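# Analysis of the macromolecular model
Below, each chain spelled out in residue letters.
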Amino acid sequence: MIIAEKKPIEEIIEEVKPYDRILVLGCNECVTVCEAGGKKEVEVLASALRMYFIAHGQVRTIDERTLERQCDHEYLEEIRDIVDNYDAIVSLACGVGVQFAAEKYQTMPLLPGVNTVCLGANEDRGLWTERCQACGSCVLARTGGICPVSRCAKRVMNGPCGGATNGKCELGPDTDCAWQLIIDRLKALGRLDDYEVVAPIKDWSTDRAGGPRTVTREDVKI
Amino acid sequence: MRLKIPTSFRIVRLPCTGKLDVIHVLRAFEKGADGVFCVGCLEGDCHFNEGNFRARKRIEQAAQILDKVGVGGDRVRMYNLSSGEGPLFAQYATQMVETIKALGPSPVRLMMEKSQAA
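The sections below set out a description of the structure shown in this document. (Residues numbered from 1 in each chain as written. Chains lettered and ligands numbered in written order. Predicted model: local features only at pLDDT ≥ 70, side-chain atom pairs only at ≥ 80, totals over all residues.)

### Examining the overall build of chain B
The cut-off we apply is this: Helix and strand assignments follow DSSP, with helices taken as H or I runs no shorter than four residues and strands as E runs no shorter than two, numbered in order from the N terminus. Here the radius of gyration uses the C-alpha set of atoms, whereas the globule reference equals 2.2 Å times the residue count to the power 0.38. With C-beta atoms placed from the backbone, a residue counts as buried when 20 or more other C-beta atoms lie within 10 Å of its own, as exposed when 12 or fewer do, and as partly exposed for counts between those limits. C-beta atoms are first placed from the backbone for all residues, and any pair lying within 7 Å is then listed as a contact.
Scanning chain B from N- to C-terminus turns up four helices and two strands. The secondary structure elements of chain B, listed N-terminal to C-terminal, are α-β-α-β-α-α. Taking 2.2 N^0.38 as the reference for a compact globule, 118 residues should give roughly 13 Å; the C-alpha atoms of chain B span a radius of gyration of 15 Å, in line with that estimate. Projecting the C-alpha coordinates of chain B onto the three principal axes gives extents of approximately 50 × 30 × 20 Å. The burial tally for chain B puts 31% of its 118 residues in the buried class. Long-range pairs, those at least 24 residues apart, make up 72% of the contacts in chain B between residues at least 6 apart in sequence.

### Regarding the sheet that holds strand β7 (residues 127-132) of chain A
Residues and elements named next belong to chain A. What counts, and what does not: Only strands joined by at least two bridges in the DSSP assignment are considered to pair. Under this scheme, a helix contributes an axis fitted over its contacting stretch, all axes are lines through C-alpha atoms, and angles between N-to-C directions fall in the 0 to 180 degree range.
Pairing within the open sheet is antiparallel, and its three strands lie in the order β1-β6-β7. If you trace the sheet from one side to the other, it starts and ends with β1 (2-6) and β7, each paired once. In this sheet, adjacent strand axes meet at a mean angle of 70° when their direction is disregarded. As defined by bridge partners, β1 adjoins strand β6 (residues 114-124) across five bridges and the pair is classed as antiparallel. Along β6, the bridge assignment pairs Ala-4 with Thr-116.

### Here's the deal with the nonpolar core
All names here are of chain A. To keep things clear, this is the line we draw: Note on terminology: a nonpolar core is any set of buried Ala, Val, Leu, Ile, Met, Phe, Trp, Tyr and Cys residues joined through C-beta atoms within 7 Å.
In this structure, Val-24, Val-31 and Leu-92 are the most contacted members of the largest nonpolar core, which totals 67 residues. It is helix α3 (residues 39-55) that contributes the most residues to this core, eleven residues altogether. Setting aside anything within four residues of it in sequence, one finds Val-24 in contact with Val-42, Leu-45, Ala-46, Ile-62, Glu-64, Val-90 and Leu-92. Judged by nonpolar contacts, the second largest core, of twelve residues, contains Cys-152, Cys-169, Trp-179 and Leu-186.

### Quick notes on the interface of chain A and chain B
In plain terms, the rule: Residues are grouped as follows: Ala, Val, Leu, Ile, Met, Phe, Trp, Tyr, Cys and Pro are nonpolar; Asp, Glu, Lys and Arg are charged; every other residue, Gly included, is polar.
Contact residues are listed per partner, giving 14 residues for chain A and 15 residues for chain B. The set of elements that each furnish at least two residues to the side of chain A that touches chain B consists of α1 (9-16) and α3 of chain A. No other element matches α3(A), which puts ten residues into the side of chain A that touches chain B. Counted by class, the side of chain A that touches chain B contains seven nonpolar, three polar and four charged residues.

### Points about the pairing of strand β1 (residues 36-40) of chain B
Residue and element names in this part refer to chain B. Spelled out, the test is: Throughout, right-handed denotes a crossover for which the path from the first strand over the helix to the second runs clockwise when the strands point away from the viewer.
The element β1 is largely enclosed, with a buried count of five among its five residues. Here β1 shows no split at all, with Val-36, Cys-38 and Gly-40 on one side and Phe-37 and Val-39 on the other all buried. Each parallel crossover has a hand, and the one from β1 via helix α2 (residues 51-69) to strand β2 (residues 76-80) is right-handed.

### Quick notes on helix α3 (residues 86-103) of chain B
Residue and element names in this part refer to chain B. The test is simple: In this scheme, a helix's expected span is set at 1.5 Å multiplied by one less than its residue total. Of all possible arcs, the one meant is that of the directions from the helix axis to the C-beta atoms.
A rise of 1.5 Å per residue sets the reference length of α3, with its 18 residues, at 26 Å; its end C-alpha atoms lie 26 Å apart and thus fit the reference within 8%. Burial in α3 covers these residues: Ala-93, Met-96 and Ile-100. Taken end-on, α3 shows its buried residues confined to a sector of 60°, consistent with a single buried face. Pointing more than 90 degrees away from the buried face of α3 are the exposed residues Pro-87, Glu-98 and Ala-102. Those residues of α3 that are buried are in contact with β1.

### Quick word on the sheet that holds strand β2 (residues 21-27) of chain A
Residue and element names in this part refer to chain A. What the four strands build is an open sheet, ordered β3-β2-β4-β5; its pairing is parallel. Looking at which strands have only one partner, the edges of the open sheet turn out to be β3 (61-67) and β5 (110-112). Neighbour-to-neighbour, the strand axes of this sheet turn through a mean angle of 25°, independent of strand direction. The strands touched by α1 within the sheet are β2, β4 (88-91) and β5, with β4 carrying the most contacts at an inclination of about 160°. Running over the sheet, α3 touches β2 and β3 and is turned about 175° from β3.

### Some details on the environment of A:Pro18
Along the polypeptide, A:Pro18 turns up in the loop between α1 and β2. Expressed as a C-alpha distance, the spacing of A:Pro18 and A:Ala88, which sit 70 residues apart in the sequence, is 9.2 Å.

Geometric descriptors of this kind do not, in isolation, establish any biological role.
Below, the structure is given as structure tokens:
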């Protein structure tokens, strides 16, 4: 899922200062799961903002709403009838949601409330780590389920490089060498012969380097 | 036990301090509270295993937020005691009230009262 982190509240306060009536808009999907932008975080942020402005003698209206998602038209439409009551929206959705809401409500300032970090998994309580960089041409079948694009610093397709030491990347002792992990996994799967096969040059045109991507499904269009 | 406790606070009972969420603390301040104290079981003795640990983390989060908005993180605190320690509760209660009296009224309450008077 998309992993995001709450923006520091000082930053959000600076963002909203010019506006009088603010809607804090949360999202019930990824940002809820990584505890950054769901209903609970919306409540806390709205309460904190109210207290800040009251304590500083300023008047502001701060309302709260959480949508199922902010990356689908049907959910963003749910606020169409209340949007004119506000001067700005602080969206706690990921970057996708903030932008999609901004496109839908063109005259409404959309302010981000979280920093979108990566695509990742919830490894442990309070720990989310990156696993995928959406390269568009998945090679996980060849690498035993470990991604050399997101987890290898150099994104090599036939690793490891010469920098790996004791299974750690040359970036530092906290970063595992992805290719060490891949070799260990292929060994455990009994597929070390696959490792000997040299991978072909990767098609990077489907990566972000090839420009913003779109997915079109003619079979579902009506 | 006929212990002397100050009367200037209100007790909200929970089945476990693990039920306390950050928003409950913040809302109390929004409504004009000068301080919020969470009294939970001794660490390791929680009937629900880690409820009091969660409460401690949430109190810390609330304190950070209150610092950033200008209310003051010293107005929230976590205490741990056993339900058999009556005199200790009395001592903590007195300590709580004295801490808050020294800090003065919450800026939120002051401003709300000022705007209501105006």
